[in-house]
Amino acid sequence: IRDRLYSLNGVGNAIFAGTVAATSYTGDGSALTGMKLSSASFKNTTGGQLVDGTTFVTLTDWADDGVDAVQYSATTGVVTLTRAGTFLVSVTIAAETLLPTLNYRWQGEVQLWKNGTTDVATTSGGYIRANNGANYTGITFTKVLTFAASDTLAIRVRRISNTAGDATTTPGQCHLSFVEL
């Protein structure tokens, strides 16, 4: 592994940032030669961004959580990929209401927005029912996307439920990751 090992998950699989350069592999009879694997991971640090409106807002609170800085950069919520390729993109958005209003419900829609103009993936989910103590929710999805060099990707969120309220992103619980395939 070149660059750095990021962490180990509970079953012993490496989660890393940087580039893996494999020149040989033994163990199950398969072989990898000259393969490079590039990845990046971002998370929100402060949270508190309002996601309570019915108009999409771009999440802007992305911080480096293990990034191959040569291949990826994030500024004001937009990630730029410096190299063309096919990527596995994974997104988790966590929302909460800290000041629940009577009968407030929230269901969200998350959109991957390429180059500021194209919706390349959309999903909806999550549910907050504030007056029943269900004040937190999350939406997660994964998509394989192809990018050209210098393409950008932003994560946009909006409320699709009918009842208004005060949902915000949860600090440290929103994640965005890329793995080049």
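Whatever comes next refers back to the structure up there.
The shown structure was predicted, so the numbers you read here are calculated from the model rather than taken from an experiment.

A. Region of the structure containing the overall build of the protein chain. Within the protein chain, the secondary structure is distributed over 0 helices and 14 strands. For the protein chain, the sequential pattern of α-helices and β-strands runs β-β-β-β-β-β-β-β-β-β-β-β-β-β. Looking at the 181 residues of the protein chain, the share that counts as buried comes to 41%. Contacts spanning at least 24 positions in sequence make up 68% of the contacts within the protein chain whose residues lie at least 6 apart. About 9,000 Å² of surface is accessible on the protein chain, with carbon and sulfur atoms providing 53% of the total.

B. View of the nonpolar core. Membership of the largest hydrophobic core comes to 33 residues, with the highest contact counts inside it found for V89 and F178. Sorting elements by how many residues they give to this core places strand β8 (residues 85-96) first, with 6 residues. In this structure V89 touches L112, F141, T142, K143, L145, F147, L153, L176, S177 and F178, once residues within four positions along its chain are discounted.

C. Focus on the pattern of salt bridges. For the coordinates displayed, the defined rule picks out 3 salt bridges. Residue E180 is joined to R83 by a salt bridge in which the shortest nitrogen-to-oxygen separation is 2.2 Å. Here E180 is found in strand β14 (residues 175-180), whereas its partner R83 is found in the loop between β7 (78-81) and β8, with 97 residues between them in sequence. With its nearest N and O atoms 3.7 Å apart, the salt bridge here joins K114 to D151. You can see K114 sitting in strand β9 (residues 105-114) and its partner D151 sitting in the loop between β11 (136-147) and β12 (152-159), a full 37 residues away along the chain. For the pair formed by K114 and D151, the shared burial category is buried.

About the thresholds
- Throughout this document, residue positions are counted from 1 along each chain, in the order its sequence is written.
- Where totals are concerned, whole chains, interfaces and linings use all residues; where local detail is concerned, this predicted model gives features only for residues with pLDDT of at least 70, and gives and counts side-chain atom pairs only at 80 or more.
- Processing note: side-chain calculations cover all non-hydrogen atoms of the structure and skip hydrogens and water entirely.
- Helical segments are the DSSP runs of H or I of at least four residues, strand segments are the runs of E of at least two, and each set is numbered from the N terminus.
- Working definition: with a 1.4 Å probe on protein chains only, accessible area under 20% of the residue-type maximum means buried, over 50% means exposed, and in between means partly exposed.
- A contact between two residues is defined here by any heavy atoms of the two lying within 4.5 Å.
- A 1.4 Å probe and the Shrake-Rupley method give the accessible areas. Residues count as covered only by the protein chains that appear here.
- Here, nonpolar core means buried Ala, Val, Leu, Ile, Met, Phe, Trp, Tyr and Cys residues that are tied together by side-chain atoms lying within 4.5 Å of each other.
- Salt bridge criterion: a side-chain nitrogen from Lys or Arg within 4 Å of a carboxyl oxygen from Asp or Glu.

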